[in-house]
Amino acid sequence: KDGQKSGDKKVLNVGTEATFIPFEFMEKGEVTGFDVDLLNAVAEEAGYEVKIENTGWDAMLAGLQGGQIDIGMAGITMTDERKKTYDFSKPYFESIGMIAFKEGADIKSAEDIKGKKIGVQNGTTGQFNAEEVVGENSPDISKYESAALMFQALQSDNVDVVVTDKAVAEAYKKKYPDSNIQTITDDKAFAIEHYGIAFQKGSELKAEFDQALDTILDNGKYAEIYKKWFDG
Ligand code: GLN
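The model shown is predicted, which means the values in this text are computed figures rather than measured ones.

(A) Quick peek at the environment of A105. Examined against the element boundaries, A105 turns out to sit in the loop between β9 (93-102) and β10 (118-121). Accessibility expressed as a C-beta count within 10 Å gives 16 for A105, which makes it partly exposed. Separated by 122 residues in sequence, A105 and K227 place their C-alpha atoms 33 Å apart.

Below is the structure:
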């Protein structure tokens, strides 16, 4: 059920949304990023091979539910709602919502997105955070299929602000220093989030990957990967 064998290692099918820099993005036709390095290290420790495919966000979650995908790895926040449908590893990264906007938009807190045109990635905590402030079904919220399309909407002034994850907004700002993007978070409006590796409900992989995650947290491998992507 968990994929075919290659040599003596089981191959696990992994879905992701590869426009979520620096966690997963395409480079020279390959999915790369913090999540990719981390998952490869954890899977190796657990004795598996992983085949990571850029399925997109919605197809990743659907495939995980339908059983075509063994693992979802996409900076996925472990929410109570999602825990009803998927099992998650131990937390591997801490995040919080972040608002990105062009210089001059005068955004100082989450409240200031009221009355603005807001871009979010569909079905993500960015959407849920924005809805907490301006209301579900607000006509001011535009939902995009990927993080890339959401940022494109901001660049082309189709929206005034986007609500996304902290490290992703910061990476975007760093990657495009001429884009005049500014970022703020608001720890009164937004809750701390934790990313987890997603499995099918009841998957035996969870225990194996949790143990492997513990090992690479202890042996310095996690720290090495973290340094490569966040302190480099
Ligand atoms: N962490 C956010 C969520 O889980 C966004 C993830 C993503 O866009 N890849 O909803």
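Text resumes after the structure shown.
(B) Fine view of the site of the ligand. With respect to spatial proximity, the complete set of residues near the ligand consists of E17, F20, W57, A74, G75, I76, T77, Q121, T124, T125, A147 and D165. Its residues placed into classes, the shell around the ligand shows five nonpolar, five polar and two charged.

(C) A look at the packing of helix α1 (residues 34-46) against helix α8 (residues 221-230). Close contact between α1 and α8 brings their axes to 10 Å; oriented N to C, the two are set at 165 degrees. One element, α1, and the other, α8, form an angle in the roughly antiparallel class. In this structure, α1 meets α8 at a crossing whose hand is right-handed. For the pair α1 and α8, the contacting residues are F34, D37, L38 and A41 in the first and K221, I225, K228 and W229 in the second. Residues that form the contact of α1 with α8 fall into these classes: five nonpolar, no polar and three charged.

(D) Looking closely at helix α2 (residues 57-66). Among all positions of α2, only W57, M60, L61 and L64 are buried. Down the axis, α2 shows its buried residues gathered within 90 degrees of arc, on one side only. Structurally, α2 contributes buried residues whose contacts are with β2 (9-16), β7 (71-72), β8 (86-88), β10 and β15 (198-200). One or two steps after α2, the chain reaches G67, where phi turns positive at roughly 95 degrees.

(E) Structural view of the nonpolar core. Within the largest apolar cluster, 69 residues are counted, with the highest numbers of intra-cluster contacts made by A100 and V161. Sequence-distant contacts of A100, defined by excluding residues within four places in its chain, comprise L154, V161, V162, T164, A169, Y172, I181 and T183.

(F) Fine view of the pairing of strand β12 (residues 161-165). Most of β12 is tucked away, with five of its five residues classed as buried. Bridge analysis of β9 against β12 gives five bridges, and the strand direction is antiparallel. Residue pairing across strands places M98 opposite T164, the latter belonging to β12.

(G) Representation of the domain arrangement of the protein chain. Here the protein chain is described as being made up of domain 1 (5-92 + 196-230) and domain 2 (96-192). For domain 1 and domain 2, the distance between their C-alpha centres works out to 25 Å. The interface of domain 1 with domain 2 comprises eleven residues on the first partner and 13 residues on the second. At the level of elements, β3 (19-20) and α2 are the ones that each hand at least two residues to the side of domain 1 that touches domain 2. Split by residue class, the side of domain 1 that touches domain 2 holds four nonpolar, five polar and two charged.

(H) Expanded view of unusual backbone geometry. In the segment running from I21 into P22, the intervening peptide bond is cis, with an omega of 5 degrees. When you line up the elements, P22 lands in the loop between β3 and β4 (24-27). Not every positive phi belongs to a glycine, and N137 is a case in point at roughly 65 degrees. Topologically, N137 is positioned in the loop between α4 (125-134) and β11 (141-144). Residue N180 is not a glycine yet carries a positive backbone phi of 55 degrees.

Here is what the cut-offs are and how they apply
- Counting of residues starts from 1 at the beginning of each chain's written sequence and follows it residue by residue.
- Note on the predicted model: pLDDT of at least 70 is required for a residue's local features to be given, and 80 or more for side-chain atom pairs to be given and counted; whole-chain, interface and lining totals, by contrast, use all residues.
- Elements are defined by DSSP. Helices are runs of H or I of four residues or more, strands are runs of E of two residues or more, and each kind is numbered from the N terminus.
- The exposure label follows from counting other C-beta atoms within 10 Å of a residue's C-beta, where the C-beta atoms are placed from the backbone and the thresholds are 20 or more for buried and 12 or fewer for exposed, leaving partly exposed in between.
- Each residue gets a C-beta atom placed from its backbone. Should that atom fall within 6 Å of a molecule or strand, the residue is termed near it.
- Under this grouping Gly is polar, as are all residues other than the nonpolar Ala, Val, Leu, Ile, Met, Phe, Trp, Tyr, Cys and Pro and the charged Asp, Glu, Lys and Arg.
- Angles run from 0 to 180 degrees between N-to-C directions of axes, and those axes are lines fitted to C-alpha atoms, restricted for helices to the stretch in contact.
- Roughly parallel refers to an angle under 35 degrees, roughly antiparallel to one over 145, roughly perpendicular to one between 65 and 115, and oblique to any angle outside these ranges.
- Each crossing is labelled by how the near helix is turned from the far one, with a counterclockwise turn of less than a right angle marking it left-handed and a clockwise turn marking it right-handed.
- Note on contacts: residues are paired as contacts if their backbone-placed C-beta atoms lie within 7 Å.
- Relevant arc is that of directions from the helix axis to the C-beta atoms, nothing else.
- Note on terminology: a nonpolar core is a set of buried residues of type Ala, Val, Leu, Ile, Met, Phe, Trp, Tyr or Cys, with members joined through C-beta atoms within 7 Å.
- The rule for pairing is simple: two strands pair if DSSP sees at least two bridges between them.
- What marks off one domain from the next here is an automatic or database domain assignment.

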